[in-house]
Amino acid sequence: QKSAVVIGAGVAGIAVAIRLAVKGYAVHVFEANNYPGGKLSEFTKDGFRFDAGPSLFTMPQYVDELFRLAGKNPQDYFSYQKLDTVCHYFYPDGTRIKSTSDADLLAAEIQTQTGEPAGHVSQYLQNSKRIYGITNHVFLEQSLHRLRTYLSFKTLKSVLQLFQIDAMRTMHRANQSFFRDKRLVQYFDRYATYNGSNPYQAPATLNVIPHLEQHLGAYFPEGGMYSITQKLVELATSLSVKINYNAPVEEILLRDNRATGIKVNGEVIEANIVVSNMDVYPTYKKLLGKRPDLHPQKTLRQERSSSALIFYWGILSRFDDLHLHNIFFSGDYKAEFNAIWKEQTISNDPTVYINISSKLQPGDAPDGCENWFVMINVPANNGQDWDALVNTSRRNVIKKLSSMLGTDIAPLIVSESVLDPRNIEQRTSSYKGSIYGSSSNSQLAAFLRHANRQSKVKNLYFCGGSVHPGGGIPLALLSAKIVADWV
Ligand code: FAD
């Protein structure tokens, strides 16, 4: 039997392990932490349960597909519900928008709350859908680094339409051309943050993202986001995948430019193929440190995506105005992104995202309480004084939320944990603590992302949010699919 070693039990590592096991490989996963999931993990504190990282679940079909591949009916193992109410938006001027999964209802709600004609929203979402139709097959579902990709009729058709994907102007510029109301431009600019980018620099092609949320839907997994990890680990285990915890891989072993295995806890493990789910930067710098000739310098120099600062607050109250996903916008979006990208700091008026899983799953918080995951976008770690930034931001966030909700929230915080770019890097080896690998702030970003295979080393593959096709759970799962197809 052929054998495979996977470095890391992030969601992409587990997915690739499942796919290789289905192909008949004996798969061993080595995970540095004593728990699976990497960024997609959870913790409990003071009676509150928190999903540690991702909170928005889109494109569940890529999880379902793994069960089907293993000959199982996904619905028997993994349940999730489609959200009717997707997100509550709060603006500093008092405007509120409740976004719903129904595009017509959303357009009507936007017209009622802001006066922007509903037709503008519908046209915008149609444009978003069109970009998806052209890009999905070429940029997401296949390798961009494999000749075969370019030889199919479907790809050629997409390539001929590429001039229609709006890559030559920024998201912000495009959004200004669709909407006359600044609140709507801000609303749709925010989607750049779904892959850690800057709407004032990222190509308007990223306006594809609202289609994923609005047309394909936003979902909530039963048990919370972490259940994605749990259920996939169970599936992998049922396919005889062995997951080894507390197992930080030290080196990828090569012979004649062929991967032959790994070194972990001082022991050599041989395998026919090696897949790294570790961020591509430390994979080269640490695990292939002896072979600088292999390091793809241009790829490794890519600008990193933004990171996040999260306050996990147990709140001794319930807020009827809040839903599962809530956004409290900043007053000056441009200044906020300039702070992150140009000044490498955090604005004093950041946009605040609150996720409250206890809204749908009351057991996540004690009676009469809510579990608030309070996140702001921050720069990747370039050695800033994070202790000072965290303290100042905590004050700013409390002040902003108290004023916008009309309640002093400081005395309601009965439990607190904090995650900043330093911990993100320590816990998952993500270079600079960036949460989506490299940023998508340039037209070439999609092409500069690392391929899913090492071009000079046989049998060495890469999956996860730092390589093609990019960050976020759906794309990380697609990277695993591309690796398995390539193998
Ligand atoms: P990771 O989760 O980083 O896993 C890599 C694993 O490899 C880790 O477990 C790590 O310990 C292990 N590892 C690293 N080096 C070694 C080594 N040498 N030996 C052994 N093991 C090693 N995505 C969404 O879709 N929706 C969201 O709402 C969303 N929000 C997010 C919010 C936050 C705060 C964060 C941090 C991320 C968010 N994301 C979101 C992004 C999403 O979490 C990631 O894109 C995805 O989970 C990446 O999975 P991965 O498998 O690539 O990597």
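It should be emphasised that the depicted structure is a prediction, and the values quoted were computed from it without experimental measurement. The residue numbers shown here count from 1 along each chain, following its written sequence. Confidence filtering applies because this is a predicted model: local features only for residues at pLDDT of at least 70, side-chain atom pairs given and counted only at 80 or more, and all residues used for totals across whole chains, interfaces and linings.

Quick word on the overall build of the chain
Strands are runs of DSSP state E lasting at least two residues, helices are runs of H or I lasting at least four, and both sets are numbered from the N terminus onward. Tallying secondary structure elements over the chain gives 16 helices and 20 strands in all. The reference for a compact globule is 2.2 Å times residues^0.38; the radius of gyration itself is calculated from the C-alpha atoms. The C-alpha radius of gyration of the chain comes to 22 Å, within 12% of the 23 Å expected for a compact globule of 487 residues. Projected onto the principal axes, the alpha-carbon positions of the chain cover approximately 65 × 55 × 45 Å. For every residue, the other C-beta atoms within 10 Å of its own C-beta are counted; 20 or more classify it as buried, 12 or fewer as exposed, and values in between as partly exposed. C-beta atoms are placed from the backbone. Taking all 487 residues of the chain together, the buried fraction comes to 52%. With C-beta atoms placed from the backbone, a contact is any residue pair whose C-beta atoms sit within 7 Å. For the chain, the share of sequence-separated contacts (at least 6 apart) that also reach a separation of at least 24 residues comes to 70%.

Structural notes on helix 9 (residues 226-238)
The span expected for a helix works out to 1.5 Å for each residue beyond the first. The end-to-end C-alpha separation of helix 9 is 19 Å, in line with the 18 Å expected for 13 residues at 1.5 Å each. Taken together, the buried positions of helix 9 are Y226, S227, I228, T229, K231, L232, V233, L235 and A236. Directly beyond the C-terminal end of helix 9, a positive phi value near 70° is found at S240.

A few points about the nonpolar core
We define the nonpolar core as any set of buried residues of the types Ala, Val, Leu, Ile, Met, Phe, Trp, Tyr and Cys, connected via C-beta atoms lying within 7 Å of each other. Counting 141 residues, the largest nonpolar core has V16 and A17 as its most contacted members. Note that domain bounds follow an automatic or database assignment of domains. Taken domain by domain, this core gets at least three of its residues from each of domain 1 (3-41 + 225-302 + 440-486) and domain 2 (120-214). Beyond its immediate sequence surroundings of up to four residues, V16 is in contact with V6, V275, N277, C463, A480, V483 and A484.

Focus: the domain arrangement of the chain
In terms of domain boundaries, the chain breaks down into domain 1 (3-41 + 225-302 + 440-486) and domain 2 (120-214). With 16 residues of domain 1 at the interface, the matching set in domain 2 holds 17 residues. Only helix 15 (445-448) and helix 16 (473-486) provide two or more residues apiece to the side of domain 1 that touches domain 2. Top contributing element to the side of domain 1 that touches domain 2 by residue count: helix 16, with four residues. Note that Gly is not counted as nonpolar here; it falls among the polar residues with everything else outside the nonpolar set of Ala, Val, Leu, Ile, Met, Phe, Trp, Tyr, Cys and Pro and the charged set of Asp, Glu, Lys and Arg. For the side of domain 1 that touches domain 2, the residue count by class is eight nonpolar, eight polar and no charged.

Points about the packing of helix 1 (residues 11-22) against helix 9
In a packed pair of helices, the relevant descriptors are the angle between the two axes and the axis-to-axis distance. Here an axis means a line fitted to C-alpha atoms, over the contact stretch when the element is a helix, while the angle between two N-to-C directions is reported on a 0 to 180 degree scale. Two elements in contact, helix 1 and helix 9, have axes whose closest approach is 9 Å; the angle formed by their N-to-C orientations is 25°. Of the possible angle classes, the one that applies to helix 1 and helix 9 is roughly parallel. Helix-helix and strand crossings are classified by hand; for helix 1 and helix 9 the assignment is left-handed. Counted together, V11, I14, A15, A17, I18 and A21 of helix 1 and I228, T229, L232, V233, L235 and A236 of helix 9 form the full contact between these two elements. Working rule for angles: under 35 degrees goes down as roughly parallel, over 145 as roughly antiparallel, 65 to 115 as roughly perpendicular, anything else as oblique. Each crossing gets its hand from how the near helix is turned against the far one by less than a right angle, where anticlockwise is left-handed and clockwise is right-handed.

Observations regarding the pairing of strand 2 (residues 26-30)
Burial within strand 2 is extensive, with four of its five residues counted as buried. Inspection of the sheet shows strand 1 (residues 3-7) paired to strand 2 by five bridges, in the parallel sense. Each bridged residue has a counterpart across the sheet, and for I7 the counterpart in strand 2 is F30. A crossover counts as right-handed when, viewed with the strands pointing away from the observer, the path leading from the first strand over the helix to the second turns clockwise. Following the backbone out of strand 1, through helix 1 and into the adjacent parallel strand 2, one traces a crossover that is right-handed. Across three bridges, the pairing between strand 2 and strand 10 (residues 242-244) is parallel. Only when DSSP finds a minimum of two bridges between them are two strands counted as paired.

Description of the environment of G223
Mapped onto the fold, G223 is located in the loop between strand 9 (218-221) and helix 9. Spatially, the C-alpha atom of G223 lies 8.7 Å from that of S79, the residues being 144 residues apart in sequence.

Quick look at the sheet that holds strand 19 (residues 413-419)
The sheet built from seven strands is open, its strands ordered 8-7-16-17-18-15-19 with mixed pairing. Edge positions in the sheet fall to strand 8 (96-100) and strand 19, since each has one partner strand and no second. Across the sheet, the mean angle separating the axes of adjacent strands is 20° when strand polarity is ignored. In terms of strand pairing, strand 15 (residues 307-315) meets strand 19 through six bridges, oriented antiparallel. Within strand 19, the position partnered with W313 by the bridge is E416. The strands that helix 13 (residues 386-405) touches are strand 7 (85-90), strand 15, strand 16 (325-328), strand 17 (352-355), strand 18 (370-378) and strand 19; relative to strand 15, the one it contacts most, it runs at about 55°.

A few points about the environment of D293
With respect to the helices, strands and loops of the structure, D293 is situated in the loop between helix 10 (280-287) and helix 11 (297-300). Taking the C-alpha atoms as reference points, D293 and Q201, separated by 92 residues in sequence, lie 32 Å from one another.

Remarks on the site of the ligand
Here, nearness is defined through the C-beta atom: a residue counts as near a molecule or strand if that backbone-placed atom lies within 6 Å of it. With respect to spatial proximity, 36 residues lie near the ligand, and among them G8, G10, G38, P54 and G464 are the closest. Of all elements in the fold, only helix 1, strand 15, helix 14 (421-428) and helix 16 reach the threshold of two or more residues within the shell around the ligand. Per-element tally for the shell around the ligand: the top contributor is helix 1, with three residues. Across the shell around the ligand, the residue classes tally to 19 nonpolar, 15 polar and two charged.

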